[in-house]
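Residue-level listing of the chains:
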Amino acid sequence: MDLDRLRNISIIAHIDHGKTTLSDRVLELSGIVSARDMRAQYLDSMDLERERGITIKLQSVRIPWRDHVINLIDTPGHVDFGYEVSRSLAACEGVVLLVDAAQGIEAQTLANCYLALENDLEIVACMNKIDLPAADPDRCAEEIEAVLGIPAEEVLRISAKSGEGVGDLLDAVIDRIPPPTGDADAPLRALIFDSHFDQYRGVVSSVRVMDGTMRAGAKLRFMQAGATHGAEEIGVRSPDPQPVDALGPGETGYLIAGIKDVGAAKSGETVTDTAAPADEPLAGYRDPKPMVFCGLYPIDGDEFPDLREALEKLRLNDSSFTYEPESSGALGFGFRCGFLGLLHMEIVRERLEREFDLSLIATAPSVEYRVHTTKGTVVEIDNPSEMPPMSEVDSIEEPWLTVSILTPTDYTGTLMELCQNRRGEMVKLEYLSPERVELRYRVPLAEVVTDFFDQMKSRTQGYASLDYEADGYGVSALVKVDVLLNSQPVDAFSMIVHREKAEDYGRRMCEKLKELIPRQLFDVPIQAAVGGRIIARQTVKAKRKDVLSKCYGGDITRKRKLLERQKEGKKKMKSIGRVEVPQEAFVSALRLDD
Amino acid sequence: MPFCRHRCDYCAFATWTDRDHVAARYLEACRVHAARLAPGLAPVTSVFVGGGTPSRVDPTPLLAVLAELPVAEGAEVTVECNPEDLDAGRAAAFAAGGVTRVSIGVQSFVAHVLDALGRRHPVEAVGPAVAAARGAGLDVNLDLIYGGTGESRADWATTLDGALALEPDHVSAYGLTVEPGTPLADDPSRHPDDDDQADKYLDASDRLEAAGYGWYEISNWARPGHRCRHNLLYWSMGDYVALGCAAHGHRDGVRYWHVRTPERYADEVEAGREPVAGSERLEPGARRLEAVQLSLRTEAGVPVAALPPADRAALVGLVEVRGDRLVLTRGGRLLANEVATRLVDPGEAA
Ligand SMILES: Nc1nc2c(ncn2[C@@H]2O[C@H](COP(=O)(O)OP(=O)(O)OP(=O)(O)O)[C@@H](O)[C@H]2O)c(=O)[nH]1
Ligand code: SF4
Ligand SMILES: [Mg+2]
């Protein structure tokens, strides 16, 4: 195919600014999806995406426009899925940067725009939702000019809802975004930018051919993995898969190579043809590192093998989470899992529960600490219960973030207060425009993981937005708080917190548990301790009576059934330090929201 | 007799306040049913006419039901009464009709506690009611409830003293229990406090036992020779026949229960059908387990083999060995469920 007739673009934006809706209009306008087959958020194909109304995975489609072929990638806007955006950009020469004309520039508008600039991509800026009464396109255009340096008059105006301006946008894509370059005669080099597992077809990879031609039936070498696979099928999505004989330089499509394990066709892999192999692989990507960790345990201990199988299967479609088995005195056998962020954690958990019919308990999210021991060793721990005894700890480093908060100026004060409460250090405060401020702070990741986002939203009526990136490790005055039940530590409730917040955490946990733990035959002390020092304490008083009601003839069957149920319930309880704790108590105590 | 003047706050019994017009038809159905069952019955050793409020209905048709039954010589025949209903005339009629015992729903001798329980009789009605029963030569049980809203320890002492002053033969003292679906259940602010009820249970045990009432089941005390035989029958897996709506029976290892409403009961009986709504037969092992669970509640206790040694260790202070039996201690009576959930089938021998 003639390179000049190709365009490869991604749509990037802050969450909810309308990327997927714009893709809908493009599918319609280009005629590849008929009005009859059209449905809103067409490319959000996962149930969870549709229910939550957000995009989680990138989607690539090929559309015809004005004698040209545009390959368009719809990307997610949520910060947890930034890895999807960076992978998409590596397959493109340009982006459509979408800005909600009623919201203006938000945190991921900026972050994704910078990402496009770093990749030397041509940016077509475009305001969306101009149909909204609250839209203020002129002011929004000024803001784009002021903040991103894109001249206001170049900013397009569309409504992805009504379709207004979408044709012009596609024209602009063809006119302004450069066609790919690539040498048709050079050895094949194609970049895998996404892979997923299909029950029937095995691994299906999204590929962008950089040089040379990929042919169906060819023997392909996966350069990083060092393996060879036959190209069983190559094709393009439009949006349904259509097999083709060959993908030339600059083209984007899919590859099925009889691979059963996504690990063998990782994103960032370079594929070449064994007949005339390339010497050097493409740049590839760095694997994203999990940022937050939690333990996932089946509520019913018998489901442990099912959970393992579910994790294995789910990882075929989402290689960005990690898991390894662990066990807990309180929760039994489970897995310690690592995620890209809190939303990612929530989604993985929900998918495990729904797609594999499991009921799970998740422990409180943790981050990865580096513990320097008095013996001079360094231990990395992502589970508080792995912490060496405090007496052997010399210092603890925790991961930090640089967060960037974009907010209307009115909320500057309350957000500074929030950041300070969270041990934040201000890096800068910059007026992006008279109405909009960017606050930059360094904040420990652990502080962001505990409801920072919700706090930020509630303090600003939802107007502030947040972006962050990892910013190294730093020593902090951290301690491990243990929670003891009848003098026995309950590993699931241990937490690493800043020294100044230890007492507060300990007190809250003791109070919560006092409400949740049923009275036993003896007094049960609940204590929070740092090292050997008790910092909070509650007592569940011994139970003094159970039923003292009448037992007449009509009650006998009912009483027996009640006893049977209580017996069953007892069997399901976990015994910790002789205290019988119902599973629900753990579930409620570990609930994040209170 | 499933008819009450007014529904008490805590009551989950099958009883109605708006169906008095059904009473006559219902009593006749009971009589017909009794007559139908009688030929298949061995002489009955006890009869219990329970509530609702049997003392509200005309005694004549009520006693006519009794007359159909093959009541054994010296049998115990109890009628539940509300204090305000029991006058000399009714008591005499009962006695003449074969009744030997009344169980009076006193609940409390403190006006504000009665009020809080949603009971409408005046405290002053109890004395005359007991006198009327005595006058007719009837045995007397007083039913008491502790743990109503606003009841202090002193109030409960007043109630215990009030009951003892009337010298009943038998006292039942129940902890107020929150049954689902009652007005009480809907108002957590009025739910009884466990510790308070535990204290009051021990108060009852202290006072009643000191006054010569022997403990024989968790919530029951009696003067020597006056234990309720009907209750003992329930707790010793004896056989009993159900009569009336929502009544339960137990015969030949089968537990069964009747349809719930008086109208349906009458419909069934009039149509010549047995008014049974459901039944269950337990496996021998399950039956033995049920037997020990019931027996545990009583002074007879359970065979030692019914409680595994490990559990006995966990329950130190709650059960004590008496010969080859394990019996609840005073503390154990308060936590009988804890003990009961650990009981096992003691095997064929027991
Ligand atoms: N009024 C109006 N609403 C729009 C327009 N475009 C999108 N929306 C609405 O905005 C919401 C978000 O749209 P999406 O297309 O899912 O946004 P997105 O950018 O794909 O979101 P993520 O993939 O989660 O980042 C939906 O409710 C859309 O209906 C528009 O032009 N006008
Ligand atoms: S009198 Fe007895 S049966 Fe009638 S409502 Fe009150 S507690 Fe229930
Ligand atoms: Mg989307």
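Calculation notes
- Residues numbered from 1 in each chain as written.
- Chains lettered and ligands numbered in written order.
- Predicted model: local features only at pLDDT ≥ 70, side-chain atom pairs only at ≥ 80, totals over all residues.
- Helix = DSSP H or I, 4+ residues; strand = E, 2+ residues; numbered from the N terminus.
- Rg over C-alpha atoms; globule rule 2.2 N^0.38 Å.
- Buried ≥ 20, exposed ≤ 12 C-beta atoms within 10 Å, placed from the backbone.
- Contact = placed C-beta atoms within 7 Å.
- Domains from an automatic or database assignment.
- Near = placed C-beta within 6 Å.
- Nonpolar A, V, L, I, M, F, W, Y, C, P; charged D, E, K, R; others polar.
- Axes fitted to C-alpha atoms, helices over the stretch in contact; angles between N-to-C directions.
- Left-handed = near helix turned anticlockwise from the far one by under 90°.
- Pairing = 2+ DSSP bridges.
- Parallel < 35°, antiparallel > 145°, perpendicular 65-115°, else oblique.

Regarding the overall build of chain A
Of the regular secondary structure elements, chain A holds 14 helices and 33 strands. Scaling as 2.2 N^0.38, a compact globule of 594 residues should have a C-alpha radius of gyration of about 25 Å, and chain A matches this with 28 Å. Across its three principal axes, chain A shows a C-alpha extent of roughly 85 × 65 × 55 Å. Across the 594 residues that make up chain A, the buried fraction comes to 46%. Taking contacts inside chain A between residues at least 6 apart in sequence as the whole, the part at least 24 apart equals 69%.

Remarks on the domain arrangement of chain A
Here the domain parsing of chain A yields domain 1 (3-176), domain 2 (189-273), domain 3 (292-365), domain 4 (370-476) and domain 5 (480-589). Distance from the C-alpha centre of domain 1 of chain A to the C-alpha centre of domain 5 of chain A: 52 Å.

Structural notes on the site of ligand 2
With respect to spatial proximity, the complete set of residues near ligand 2 consists of Cys4(B), Arg7(B), Cys8(B), Cys11(B), Phe13(B), Thr15(B), Gly51(B), Gly52(B) and Thr53(B). Residue classes in the shell around ligand 2 are distributed as four nonpolar, four polar and one charged.

Observations concerning the site of ligand 1
Residue and element names in this part refer to chain A. Taken together, 21 residues form the shell around ligand 1, and within it Gly18, Thr20, Ile54, Thr55 and Gly77 come nearest. At three residues, helix H1 (residues 19-29) tops the list of elements feeding residues into the shell around ligand 1. In terms of residue class, the shell around ligand 1 is built from six nonpolar, 10 polar and five charged.

Examining the domain arrangement of chain B
Residue and element names in this part refer to chain B. The domain architecture assigned to chain B consists of domain 1 (20-235) and domain 2 (284-349). Mapped onto the side of domain 1 that touches domain 2, the elements with two or more residues apiece are helix H7 (194-210) and strand E6 (214-217). Element by element, the count of residues in the side of domain 1 that touches domain 2 is highest for H7, at four residues. Here the residues of the side of domain 1 that touches domain 2 sort into seven nonpolar, one polar and one charged.

A short note on the packing of helix H12 (residues 499-516) of chain A against helix H14 (residues 583-590) of chain A
Residue and element names in this part refer to chain A. The N-to-C vectors of H12 and H14 enclose an angle of 150°; their axes lie 10 Å apart at closest approach. The handedness of the crossing between H12 and H14 is right-handed. Of the residues in H14, those touching H12 at Lys512, Leu513 and Leu516 are Ala585, Ser588 and Ala589. The class makeup of the residues in the contact of H12 with H14 is four nonpolar, one polar and one charged.

Observations regarding the sheet that holds strand E20 (residues 360-362) of chain A
Residues and elements named next belong to chain A. Strand order across the open sheet formed by four strands is E18-E19-E17-E20, with antiparallel pairing between neighbours. Of all strands in the sheet, those with a lone pairing partner are strand E18 (322-328) and E20, marking the two edges. Here the strands of the sheet are splayed against their neighbours by 30° on average, with no regard to which way each runs. The sheet contact formed by strand E17 (residues 292-298) and E20 spans three bridges and is antiparallel. Following the sheet pairing, Leu296 is matched in E20 by Ala362.

A few points about the pairing of strand E12 (residues 319-322) of chain B
Along any regular strand, the residues point their side chains to alternate faces of the sheet. All names here are of chain B. Judged from the four bridges that link them, E12 and strand E13 (residues 325-328) form a sheet pairing that is antiparallel. Along E13, the bridge assignment pairs Glu320 with Val327. Remark: two residues form the turn of the hairpin made by E12 and E13, two consecutive strands paired antiparallel; Gly323 in that turn has positive phi of roughly 65°.

What about the packing of helix H3 (residues 82-89) of chain A against helix H4 (residues 107-118) of chain A?
When two helices pack together, their arrangement is captured by the angle between the axes and the distance separating the axes. Residues and elements named next belong to chain A. Two elements in contact, H3 and H4, have axes whose closest approach is 10 Å; the angle formed by their N-to-C orientations is 30°. Here H4 runs roughly parallel to H3, going by the angle between their axes. Here H3 runs over H4; the crossing is right-handed. Residues Val85, Ser86 and Leu89 of H3 touch H4, and the partners they reach there are Asn112, Leu115 and Ala116. Its residues assigned to classes, the contact of H3 with H4 comprises four nonpolar, two polar and no charged.

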